[in-house]
Every structure is written in structure tokens, then in C-alpha cells.
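Remarks on the overall topology
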Amino acid sequence: MTSQGTLRALVSDREFRGLWIGSTVSTAGDQLAAVALSLLVFERTGSPLWTALTWSLTLFPPLIAGPLLGWLADRFPRRTVMIICAWLQAGIVGVMAVPGTPLWLMIALLVAVQFAASPFLAAQEASLPSVLPDKRYDDGVALFGTSVDVAQMAGLAAAGFIVTAASPSVALAIDAVTFVLVAILVHTSVKHRPAADPRRHRRVDTSGEPPRQGVFTLLVTEPRLRSLMGMRLLAGLAMVPEGLAVPLAASLDAVWAVGLILAIEPAANVLGVAVLFRWVREPAKRERLIGPLAILSLAPLVLFALDPNLTWTIALLVIAGMAGAYHTPARSAWMRMLPDAYRGRAYGIGRAALRSSQGGGMALAGVVAHAVGSITATIAGAGGIGLLLAAQAAVSWRRARVRGDQKVVVS
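Computed from a predicted model, the values in this text were never measured in an experiment.

1. Observations regarding the side chain of serine 147
Checked against the element boundaries, serine 147 lands in helix α8 (residues 134-165). Reaching out from serine 147, the side chain makes a polar contact with the side chain of tryptophan 20 at a distance of 2.7 Å. Once residues lying within four places of it in the same chain are set aside, the contact partners of serine 147 are Trp20 and Thr24.

As C-alpha cells, this is what we get:
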């Protein structure tokens with residue numbers, strides 16, 4: 001992803017190192033917990049419905065908690081928010097790990113731990129621009145993102161072995177320990193900084209000065225922020241093949257390839273980020289590539305109209321996944337442009353919107369595929385619609401970037 005010199009510079013930064021290690025370890029632990037809890041629910045109920053519902057509860061709380069609780073990362077010192085949330089998550093998961101905990105309580109605690117995660121992630125993301133110097137910020141975001149992808153894959157791969165070799169309670173206890181580690185790392189490595197809430201800096205006068213605009217208004221009216229978010233929300237269409245992985249593999253007479261199809265997107269994305277940051281070193285040049293790469297991430301899906309075989313299916317998904325690396329510079333550019341006092345709330349809103357687009361896109365694709373009776377036609381249709389939207393967003397981003405300043409100015 002980055003050169004050895006850049007990687008050493010990032011890891012040698014005490015604050016970044018603490019956040020990075022904690023994020024990577026806790027992400028792997030979360031995958032253990034998700035699998036363990038699903039298996040535990042299935043063991044107790046024998047119901048696929050309850051098992052699927054439990055898994056879905058790891059996806060939906062951020063849709064509410066992100067916009068609802070992101071303000072905590074702006075109103076209070078972000079280091080404090082992260083430490084409190086990490087200890088809270090450790091305690092909640094620790095209770096879940098106690099053998100014999102009632103199922104209804106475990107499900108309620110699962111929702112609670114997801115709610116506690118939202119202000120932590122908002123504070124963490126909003127802290128990175130302050131932790132890292134400008135010249136290292138994009139590389140830091142890239143390292144964070146690829147490490148999370150790798151941790152998710154490793155955690156899911158290890159979950160089955162750990163749960164079967166030990167027990168679901170042990171896997172949940174391991175996850176609780178990762179949150180303790182996060183709290184300690186943040187406490188010992190991250191500097192205390194004052195809260196960034198804009199109301200702390202607002203003058204009280206009657207001169208007729210207009211009030212600061214709300215964060216949602218800022219995100220939808222500022223051209224650069226709006227176009228970047230639009231391109232990121234295209235993930236809802238780009239992930240349609242992942243949502244249809246099982247019927248897609250079945251249509252290819254290769255049910256065994258379901259896991260491979262599901263693994264392509266994160267693995268190819270890691271590879272794409274590595275190539276992008278290795279060969280395009282300047283952030284400004286990477287920002288110019290955001291639009292073309294967004295288009296390329298959807299163009300291969302259109303070719304599913306030709307009913308490709310398994311080999312070509314994999315090749316098309318690899319190309320699309322690698323082009324999806326544009327999300328990393330888009331994410332860092334979006335956060336860099338935001339005023340510091342708005343970053344926590346903006347992250348919460350952005351994360352909820354991204355999750356909604358991904359879940360909604362896959363669900364809608366399932367409905368369409370059932371209606372038209374063709375998996376490849378559904379994927380091709382999603383690619384075609386996405387291609388048009390990506391082209392429009394790319395043009396808007398280029399125009400807004402040419403006209404705009406480096407940072408958004410809030411009235």
C-alpha cells in the first residue's frame with residue numbers, strides 16, 4: 001500500500017500507532033463475536049430466521065446511532081469519548097460472554113454494543129486529521145482501511161476454528177479483551193485535545209451574523225462534499241454481485257465458489273489501494289483519479305449481460321474491486337475538507353448513508369433478480385445505472401474541485 005519509509009513514519013507516530021493497532025485488533029475480535037453469537041443463537045433456537053436476524057443486528061444499529069450519536073465526538077474531547085466507549089463495549093461484551101446469559105439479553109446487548117461503537121468510530125475518524133500531519137494523512141487513512149479489510153477477513157477465517165475448538169463464550173471473551181486493549185492504547189498513546197464543538201467558539205452578539213449551518217445542510221449543499229459522498233454511495237450498486245453471490249455461483253454451476261466471490265471484493269480492494277498509493281504518490285493526483293476509478297468500479301458489471309463463465313466472472317469482479325480503491329482517497333479528501341468541529345457528526349451521517357446504500361442496494365437487487373429471473377441481467381442493470389450515476393458524479397467532482405478551495409469555509 002505504502003512504501004517502507006512511509007509505513008515506518010506512520011507506525012513510529014505514537015498516537016497513530018495506538019489507534020491503528022487498536023482498530024485492527026478490535027475489528028478482528030468483532031468478527032469472532034459476530035460468528036460466535038450467530039452460532040450460539042442457532043444452537044439454542046435451531047432457527048435460521050433468528051440466526052439471520054442476529055447477524056443483521058450487527059448492520060442496522062449504525063443507521064440510527066451514526067446520525068444520533070456522532071455529535072458526541074464533536075461536543076466532548078475525542079480521546080475521552082473513545083476511552084469511555086471502549087470500556088463500555090468491553091463491559092457489554094463481557095456480560096455477553098458469561099455462559100447461560102439469556103438469549104433476549106444477549107440480543108439487547110448486541111444492539112447496545114453497536115450503539116456504543118458509533119461515537120467511538122466517529123471520534124476516531126475525526127481525530128486522524130489532528131493526529132497525522134497533512135503529508136501523512138492520506139497514507140494513514142489508506143493503512144487504516146486496508147488493515148480493517150484484512151482484519152475482517154482474518155477474523156472471519158479464524159472464527160470457525162476458535163468457536164468449534166473452544167466455545168462461543170470464549171470467542172466473545174476474546175472480543176471483550178480487544179476492547180480493553182483499545183481503551184488502554186488510546187489512554188496511553190493519544191493526546192488530550194479540547195472538544196471541537198462549534199458552539200464553544202461562537203460569539204454571542206446581535207450584529208446580525210448568520211448562525212452556522214447544520215452539518216447535514218453543509219454535506220448536501222457544498223458541491224465537493226456532495227459529489228464525493230455521491231460517488232461513495234455508489235458502493236450500494238457495486239456490491240450487488242456480493243449480495244447475489246449464492247445464486248450467482250449456483251447459476252455458474254459452481255456453488256463451491258460462493259466464498260471466493262464474497263472474498264474478491266475486500267481482497268481486490270486491498271490490492272487496488274496498494275497499487276494506487278504505490279504508483280500515485282501525490283494526494284492531488286489521486287483526487288483527480290477518484291472520478292475515473294468510480295466509473296471503472298461499475299463498468300465491468302455491465303459485461304455480465306454477456307453471461308460470463310466463472311473465470312471471466314472472477315476477472316470482472318477483480319477489476320471492479322481494484323477500481324473500488326477510489327473510496328480511500330475520497331474518504332480522506334472528504335474528511336480533510338470538513339471543518340474540524342463538524343467531523344464527528346459528518347462521519348456519523350456518512351457512515352449511516354453508506355451502510356444504507358450497501359444494504360438497500362443488495363436487498364433491491366434480490367427483489368429485481370427474483371422478478372426478472374436472471375442474476376446476470378440484474379448485475380448488468382446495476383452496473384449500467386451505476387455507470388451513469390458515476391459519470392455524473394465524476395463530472396460534478398471535477399467541476400467542484402476546480403472551483404473550490406482546499407477546505408470548506410462555514411458561514
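After that view, the rundown keeps rolling.
2. Description of the environment of phenylalanine 60
With respect to the helices and strands, the residue phenylalanine 60 is situated in the loop between α3 (48-56) and α4 (61-69). When the C-alpha atoms of phenylalanine 60 and threonine 328 are compared, they prove to be 23 Å apart, with 268 residues separating the residues in sequence.

3. What to know about the pattern of salt bridges
Here the structure, examined in full by the defined rule, presents 13 salt bridges. Here aspartate 138 ties to arginine 286 by a salt bridge, and the two come within 3.9 Å at their closest N and O atoms. Note that aspartate 138 is positioned in helix α8 and arginine 286 in helix α16 (residues 283-296), a separation of 148 residues in sequence. Both residues of the pair, aspartate 138 and arginine 286, belong to the buried class. The network of salt bridges with common partners includes Asp74, Arg78, Asp340, Arg343 and Arg345.

4. Focus: the confidence of the model for the protein chain
In this model, the protein chain carries a mean pLDDT of 86, and residues with pLDDT of at least 70 account for 91%. Ranking the elements of the protein chain by mean pLDDT puts α3 last with 70 and helix α17 (residues 299-302) first with 96. Counting contacts from residues 200-212, a segment whose pLDDT is below 50, to residues more than four positions away or on other chains yields 10 contacts.

Thresholds applied
- All residue numbers refer to position in the chain's written sequence, counted from 1.
- In keeping with the model being predicted, local features are shown solely for residues with a pLDDT of at least 70 and side-chain atom pairs are shown and tallied solely at 80 or more, while totals for entire chains, interfaces and linings include all residues.
- Neither water nor hydrogens contribute to the side-chain values; these are computed over all heavy atoms in the structure.
- Strands are runs of DSSP state E lasting at least 2 residues, helices are runs of H or I lasting at least 4, and numbering of each runs from the N terminus.
- We define a polar contact as two N or O atoms separated by no more than 3.5 Å, with the added condition that, inside protein, one atom must be a possible hydrogen donor and the other a possible acceptor, whereas residues neighbouring each other in sequence contribute only through side-chain atom pairs.
- By definition in these notes, contact holds between two residues if any of their heavy atoms fall within 4.5 Å.
- A carboxyl oxygen of Asp or Glu within 4 Å of a side-chain nitrogen of Lys or Arg is what we treat as a salt bridge.
- Partly exposed residues are those whose accessible area sits between 20% and 50% of the maximum for their type, while under 20% is buried and over 50% is exposed, using a 1.4 Å probe and protein chains only.
- pLDDT is defined as a per-residue confidence score from the predictor, taking values between 0 and 100.

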